[in-house]
2 protein chains.
Amino acid sequence: MAIFSKTCEYGIRAVFFIAHTSANGRRIGIKEIAAGIDSPEFFLAKILQDLSRKGIINSIKGPNGGFYISSENLKRPISDIVEAIDGNGLFRGCALGLKQCSEVNPCPLHDEFKAIRTRIYDMLRGINIDQFNQELLSGILSLKK
Amino acid sequence: MAIFSKTCEYGIRAVFFIAHTSANGRRIGIKEIAAGIDSPEFFLAKILQDLSRKGIINSIKGPNGGFYISSENLKRPISDIVEAIDGNGLFRGCALGLKQCSEVNPCPLHDEFKAIRTRIYDMLRGINIDQFNQELLSGILSLKK
DNA sequence: AGAATAAAAGACCAAATTATCTTTATTTAT
DNA sequence: ATAAATAAAGATAATTTGGTCTTTTATTCT
C-alpha cells in the first residue's frame, strides 16, 4: 500500500500544477492539467470538482475559464488537500484498526505510531502550497513521471 | 486512508494473538483467533493461509492442529508481516506516485517523506513479534476492539 | 440572441479489496 | 480402516476505488 490513495496523489499533483502554471489569477483547463501531471483526464476532473466544491481550489466556467487557486487558498497547508480527499486516517485512528485503541488501552503499535503520525501531520500542516511554487519554477522539483 | 490495508491490520493482529496465546508450541484454531481479534473468520483464514505459505507463521492440519509461530519466526520484525501483505509501498516509492521521482529528480514531497518512510521502516524493523508477548501477557496492550 | 467554451453533474464500467461459503487434503485418534 | 478435526484451496459475491463517457449548466464573445 502506498501512503496516499491514487485520488489523493493526483489531487496533490494537480494542485501543485495549478498553483505553478496559473500564478497571478490565470486559469488553466482540465485537459492541460491532466496532460501536465500525466493523469487520466476524466478521473482528474472528478477530483478537481470535489476539491472545488470543498473550497480548496477555485474554478470558473465558460470561455477563458478554468481552474486556479486564490491567494488565500495558496496559503493552505498540504494537509488540507490530504484531509479533503483521504480523510484523517493517516493522522488519527489506530494503525491496527482497533476502535478502542487509546492511551489507556493501547494496541501494540500505539506508541510507535503516535510519534510517526504526529510527524506526518506536522509536516503536511507545516508547508503550504505556495511554498513549492518557487522550487517548481526554478526546476528543482518535478511533477511528471 | 489508513496506514495499513484491512488485510494487513487483521494479519498483524492475528500474528500477535497467535504469538500471545500459543506460546511454547501450543496451536490455536482459526475460529478462536478470529474471535480473539474480532475479525471475519473466513477472510482471516485466507490471510493466515497466505502468511503460512510465505513462511511467516506456521500451521499444522488435523486434530490438535492449528496455527503457531516457531521460535525463529517469533524473532521476525513486524516489517516482515507488513511487507508480506502490503508490499513495500509504505517504505519505498514516491508519495505522489511518480515513477521518475528520485534524489536527482525529486517530487515536491520527496525530502519530507524520505525521513518519514525511513523512520516507519526502522521502527517496524526494529521490533520483533516476541517483544510484544510480555506486554500482551501483562495486560498492558490490547488486540480487541 | 446565438454560438462557443469550459466546468459540473450524472451515468456507467473495470479492477482491486474485502468478505463468505463450499469442497478438498492432511493429520490424528479410535 | 474409519471417523473426526483442522487448515488449504477454490468459487463466488459485495463493496470500494479507479476510470470513462455523455449531458447539463454557467459564462463569454460576437
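About the criteria used
- Residues numbered from 1 in each chain as written.
- Chains lettered and ligands numbered in written order.
- Predicted model: local features only at pLDDT ≥ 70, side-chain atom pairs only at ≥ 80, totals over all residues.
- Heavy atoms only, no water.
- Salt bridge = Lys/Arg side-chain N within 4 Å of Asp/Glu carboxyl O.
- Helix = DSSP H or I, 4+ residues; strand = E, 2+ residues; numbered from the N terminus.
- Buried < 20%, exposed > 50% of the residue type's maximum accessible area, 1.4 Å probe, protein only.
- Near = heavy atom within 4 Å.
- Polar contact = N/O pair within 3.5 Å; in protein donor to acceptor, adjacent residues only side chain to side chain.
- Nonpolar A, V, L, I, M, F, W, Y, C, P; charged D, E, K, R; others polar.
- Contact = heavy atoms within 4.5 Å.
- Buried area = accessible area lost by both parts, 1.4 Å probe.
- Arc of directions from axis to C-beta.
- Phe/Tyr/Trp six-rings, centres within 6.5 Å; stacked < 30°, edge-to-face > 60°.
- Least-squares fit on C-alpha atoms with pLDDT ≥ 70 in both.

Looking at an unreviewed UniProt entry, chain A carries the name Rrf2 family transcriptional regulator, with the source organism given as Mucilaginibacter aquatilis.

## Digging into the pattern of salt bridges
Under the definition given, this model contains 14 salt bridges over all chains. Measuring nitrogen to oxygen at the nearest pair gives 3.4 Å for the salt bridge that ties Glu9(B) to Lys6(B). Placement of both Glu9(B) and Lys6(B) in helix H1 (residues 6-21) is noted, with a separation of three residues, approximately one turn of the helix. Taking the shortest distance from any N to any O, the salt bridge between Lys114(B) and Glu103(B) comes out at 3.3 Å. With Lys114(B) in helix H6 (residues 110-126) and Glu103(B) in the loop between helix H5 (78-86) and H6, this pair connects stretches of sequence that are 11 residues apart. Given the relative accessible area of 35%, Lys114(B) is considered partly exposed. Taken together, the shared-partner salt bridges in this structure form one network comprising Asp50(A), Arg53(A) and Lys54(A).

## A look at the protein's contact with DNA strand D
Around DNA strand D, a shell composed of 27 residues is seen, among which Pro40(A), Pro63(A), Gly29(B), Lys46(B) and Ser59(B) lie nearest. When the atoms of DNA strand D within 4 Å of the protein are grouped by moiety, sugar and phosphate amount to 59% of the total. Contact between DNA strand D and Asn64(A): a phosphate oxygen at 3.4 Å from a side-chain N or O atom of the residue. Taken together, the elements giving at least two residues each to the surface near DNA strand D come down to helix H1 (6-21) and helix H3 (41-53) of chain A together with helix H3 (41-53), strand S1 (58-60) and strand S2 (66-68) of chain B. No other element matches H3(B), which puts four residues into the surface near DNA strand D. Class assignment for the residues of the surface near DNA strand D results in 10 nonpolar, 11 polar and six charged.

## Quick word on the protein's contact with DNA strand C
Neighbouring residues of DNA strand C: 27 residues in total, closest Lys46(A), Ser59(A), Thr7(B), Pro40(B) and Pro63(B). Sugar and phosphate atoms constitute 58% of the interface atoms of DNA strand C, taking the interface as everything within 4 Å of the protein. In the environment of DNA strand C, a phosphate oxygen lies 3.1 Å from a nitrogen or oxygen atom belonging to the side chain of Arg53(A). A distance of 3.1 Å separates a phosphate oxygen of DNA strand C from a polar backbone atom of Lys6(B). Listing elements by their share of the surface near DNA strand C, those giving two or more residues are H3, strand S1 (58-60) and strand S2 (66-68) of chain A together with H1 and H3 of chain B. Ranked by the residues each element gives to the surface near DNA strand C, the list is headed by H3(A), at four residues. Residue composition of the surface near DNA strand C, by class: 10 nonpolar, 11 polar and six charged.

## A word on the interface of chain B and chain A
Contact with chain B, which involves 41 residues of that partner, is made by 41 residues of chain A. When the two sides are added together, the surface that chain B and chain A hide from each other amounts to roughly 4000 Å², 71% of it contributed by carbon and sulfur. Here chain B and chain A share zero salt bridges between them. Connecting chain B to chain A are six residue pairs in polar contact (both at pLDDT 80 or more). Looking at the side of chain B that touches chain A, the elements that each hand over two or more residues are H1, H6 and helix H7 (131-137) of chain B. Ranked by residues supplied to the side of chain B that touches chain A, first place goes to H6(B) with nine residues. For the side of chain B that touches chain A, a count of residues per class yields 26 nonpolar, six polar and nine charged.

## What about helix H2 (residues 30-37) of chain A?
The α-helix advances 3.6 residues per turn, and as a result positions three or four apart in sequence lie on the same side. Residues and elements named next belong to chain A. Here H2 has its buried residues at Ile33, Ala34, Gly36 and Ile37. Projected down its long axis, H2 shows its buried positions confined to an angular sector of 165°, all on one face. Turning to H2, the residues buried within the fold contact H1, H3 and S2. Backbone geometry just after H2 places Asp38 at a positive phi near 60°.

## Quick word on the packing of aromatic side chains
Considering all chains together, one arrives at eight aromatic pairs over all chains under this definition. Ring geometry for Phe4(A) and Phe113(B): centres 5.6 Å apart, planes at 90°, overall edge-to-face. A residue pair is termed interchain when its members come from two chains, as with Phe4(A) in the segment before H1 and Phe113(B) in helix H6. Here Phe4(A) and Phe113(B) have matching classes, each one buried. Ring geometry for Phe16(B) against Phe132(B): centres 4.7 Å apart, planes inclined by 70°, an arrangement best described as edge-to-face. One end of the pair, Phe16(B), is in helix H1; the other, Phe132(B), is in helix H7, with 116 residues separating them in the sequence.

## Regarding the relation of the copies chain B and chain A
For the pair chain B and chain A, the superposition axis carries a translation of 0.0 Å, the fit reaches an RMSD of 0.1 Å, and the rotation angle comes to 180°. Here the two chains are linked by the operation of a two-fold rotation axis. Identified as the residue of chain B closest to the rotation axis by C-alpha distance is Ile3(B), at 3.4 Å. In this assembly the copies share their binding face: 100% of the residues contributing to the interface of chain B also contribute to that of chain A.

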